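Residue-level structural notes
Take a look at the letters that make up each chain.
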Amino acid sequence: KGNLLAVAGAITVAAYQVVGRGLRSALPLEAYVLGVWASAAVALATLAACNGDGGGTVDVTLQEFSIATDPATVDAGEVVFEATNDGPNDVHEFVVFRTDLDPTELPTDENGAVVETGEGIELIGEIEDIPVGETQSVTLDLEAGNYVLICNIYDADEDEAHYQEGMRTSFTVE
């Protein structure tokens, strides 16, 4: 915003110098500057309302058996999650829930996987089956609130639910 204000100031001076002599003599400099700055303020407000601020990109690291985010908090708006599976061995997924529940308290089935339609959670979005070494992204429009990010893979061969093994973290949208 600071850069936009500096540009608006420069435009004000340049425009005043270009305006014809007749308008300059009929309109005092102060009134002209006030009009340009008022227009700039409206433009800035419009940009902010059009989601010029907020959201952002979040780098997510998935690995046996944790999830890390950078940053851990973003402003409400369009959020791009870039999820990288650092393995070392397992395919992972990335699931976003809106909830006020503690990350360890999500509803689970008999295998320990989260019931994605369970009480107290709202499934917002997900990326399924991210192979080791790959990065995939999902863009979500997030409102302010509390979220939990998990891997919800259940491996029947090893009888392990990645969520129960620790692949969960809280995430805040302000």
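Throughout what follows, the structure given in this document is the object of discussion. (Residues numbered from 1 in each chain as written. Predicted model: local features only at pLDDT ≥ 70, side-chain atom pairs only at ≥ 80, totals over all residues. Heavy atoms only, no water.)

In this section: unusual backbone geometry. Phi is mostly negative for residues that are not glycine, and the peptide bonds are mostly trans. Put simply, glutamate 64 and phenylalanine 65 share a cis peptide bond, and its omega is -15°. For phenylalanine 65, the location among the structural elements is in the loop between strand E1 (56-63) and strand E2 (66-70). Following glycine 87, the chain continues into proline 88 via a peptide bond in cis, with omega recorded as 15°. The backbone of aspartate 129 shows a phi angle near 50°, a positive value even though the residue is not glycine. Relative to the helices and strands, aspartate 129 resides in strand E6 (residues 122-130). Given a relative accessible area of 49%, aspartate 129 falls into the partly exposed group. (Helix = DSSP H or I, 4+ residues; strand = E, 2+ residues; numbered from the N terminus. Buried < 20%, exposed > 50% of the residue type's maximum accessible area, 1.4 Å probe, protein only.)

To continue, consider the sheet that holds E1. On the basis of which strands lie adjacent, the open sheet formed by four strands has the order E2-E1-E4-E7 and mixed pairing. Where the open sheet ends on each side, the last strands, each with one partner, are E2 and strand E7 (135-142). Each strand axis lies, on average, 25° off the axis of its neighbour in the sheet, ignoring direction. (Pairing = 2+ DSSP bridges. Axes fitted to C-alpha atoms, helices over the stretch in contact; angles between N-to-C directions.)

Quick look at the environment of leucine 101 now. Among the structural elements, leucine 101 can be located in the loop between strand E5 (92-98) and E6. Considering only alpha carbons, one finds leucine 101 and asparagine 146, 45 residues apart in sequence, at a separation of 8.5 Å.

Geometric descriptors of this kind do not, in isolation, establish any biological role.
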